Amino acid sequence: LLNEELQKLVYEVDNKDIDSVKRHFQTQVPRWKIIMLSLPALLGYILHFPLYYAVIAVVRRKNNDHYDSIVVGILFFLYPIYLGFIIATLFFTTGCVYSLFLLIIMPFMAWSILQIKEDV
């Protein structure tokens with residue numbers, strides 16, 4: 001009984017059938033959202049590139065089945081340090097208190113990347 005109920009919620013799709021994968025799993029991003037978030041996403045990509053790809057490079061050295069969870073775990077601990085480093089560097093070089101707004105702006109820019117990124 002439980003197996004029958006759960007089977008309705010499971011899609012069995014061949015990985016090689018790209019059309020079927022897109023039909024079941026890809027979400028369409030509205031054009032207005034892409035337009036509104038393109039600039040923050042581009043800036044976020046540039047600012048987050050060093051941290052993200054450094055973590056990816058370290059994790060790829062090890063063949064591991066838990067690749068995604070390791071990347072997320074490392075980023076979970078390193079992102080606040082990276083954010084603090086960027087803010088402190090900007091604050092001490094410019095002396096501008098407005099650099100503290102990066103506490104809100106940088107995570108928003110990272111979120112913007114995820115909003116306009118294709119799923120599949």
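Refer to the structure printed above.
Worth saying up front: this structure is predicted, and the values here are computed from it rather than measured.

To continue, consider helix α3 (residues 31-60). End to end, α3 covers just 34 Å across 30 residues, shorter than the expected 44 Å (1.5 Å per residue, more than 12% under). Remark: the principal bend of α3, roughly 55°, maps to H48, with a proline, P50, within the next four residues. Where α3 is buried, its residues contact α4 (67-94) and α5 (102-116).

What follows deals with the packing of aromatic side chains. Throughout the structure, instances matching the rule amount to eight aromatic pairs. Aromatic pair Y52 and Y53: ring centres 5.0 Å apart, planes at 85°, arrangement edge-to-face. Judged by relative accessible area, Y52 falls into the partly exposed class, the value being 36%. Under the relative-accessibility criterion, Y53 is labelled partly exposed at 35%. A centroid spacing of 5.3 Å and a plane angle of 70° characterise the contact between F91 and F92, whose relative ring orientation is edge-to-face. Assessed through its relative accessible area of 28%, F91 is described here as partly exposed. The exposure class of F92 is exposed, given its relative accessible area of 68%.

Attention shifts here to the nonpolar core. Counting residues in hydrophobic clusters, the biggest one holds 11 residues: L51, V55, I56, V59, V71, Y82, L83, I87, L102, M106 and M109. Elements supplying a minimum of two residues to this core: α3, α4 and α5. Setting aside chain neighbours within four positions, we find Y82 in contact with L47, H48, P50, L51 and M106.

Think of two packed helices as two axes; the pair is described by the angle between the axes and how far apart they sit. The interhelical angle for the contact between α3 and α5, taken along N-to-C directions, is 120°, at an axis separation of 7 Å. Of the possible angle classes, the one that applies to α3 and α5 is oblique. Here α3 and α5 pass one another in a crossing that is left-handed. Taken together, the residues of α5 that come into contact with α3 (itself represented by K33, I34, L37, S38, P40, A41, L43, G44, Y45, L47 and H48) are M106, F108, M109, A110, W111, S112, I113, Q115 and I116. Across the contact of α3 with α5, the residue classes break down as 14 nonpolar, five polar and one charged.

What follows deals with a nonpolar patch on the surface. A cluster of nonpolar side chains, L39, L42, L43, Y45, I46, F49, Y52 and Y53, forms an exposed patch at the surface whose accessible area comes to about 790 Å². With respect to the helices and strands, the residue I46 is situated in helix α3. In this structure I46 comes out as exposed when scored by relative accessible area, which is 52%.

Parameters and conventions
- Sequence order as written defines residue numbering, which begins from 1 separately in each chain.
- A pLDDT threshold of at least 70 governs which residues receive local features in this predicted model, and a stricter bar of 80 or more applies before side-chain atom pairs are shown or counted, although totals over entire chains, interfaces and linings include all residues.
- In computing side-chain values, all of the structure's heavy atoms are included and hydrogens and water are not.
- Helix and strand assignments follow DSSP, with helices taken as H or I runs no shorter than four residues and strands as E runs no shorter than two, numbered in order from the N terminus.
- Helix span, expected: 1.5 Å multiplied by one less than the number of residues in the helix.
- What is called the bend at a residue is the angle between a pair of axes, fitted to the seven residues leading up to and ending at it and to the seven starting from it.
- Here, two residues are considered to be in contact whenever any of their heavy atoms come within 4.5 Å of each other.
- Stacked, edge-to-face and tilted labels apply to pairs of Phe, Tyr and Trp rings (six-membered ring for Trp) whose centres lie within 6.5 Å, assigned for plane angles under 30 degrees, over 60, and everything in between, in that order.
- Buried means the residue's accessible area, taken with a 1.4 Å probe over protein chains only, is under 20% of the maximum for its type, while exposed means over 50%, and partly exposed covers the values in between.
- In this text, buried Ala, Val, Leu, Ile, Met, Phe, Trp, Tyr and Cys residues form a nonpolar core when linked through side-chain atoms within 4.5 Å.
- Between the N-to-C directions of two axes lies an angle of 0 to 180 degrees, each axis being a line fitted to C-alpha atoms and, for a helix, fitted only over the stretch in contact.
- Here the angle decides the label: under 35 degrees means roughly parallel, over 145 means roughly antiparallel, 65 to 115 means roughly perpendicular, and every other value means oblique.
- Here a crossing is called left-handed whenever its near helix is offset anticlockwise from the far helix by less than a right angle, and right-handed whenever the offset is clockwise.
- Ten residues, namely Ala, Val, Leu, Ile, Met, Phe, Trp, Tyr, Cys and Pro, are considered nonpolar, four, namely Asp, Glu, Lys and Arg, are considered charged, and the remaining ones, Gly among them, are considered polar.
- Distance thresholds for patches are 9 Å for like charges and 5 Å for nonpolar side chains (Val, Leu, Ile, Met, Phe, Trp, Tyr), applied to residues having over 30% relative accessible area and no salt bridge.
- A 1.4 Å probe and the Shrake-Rupley method give the accessible areas. Residues count as covered only by the protein chains that appear here.
- Salt bridges are counted wherever a side-chain nitrogen of Lys or Arg sits within 4 Å of a carboxyl oxygen of Asp or Glu.

No statement about biological role is implied by the geometric values presented.
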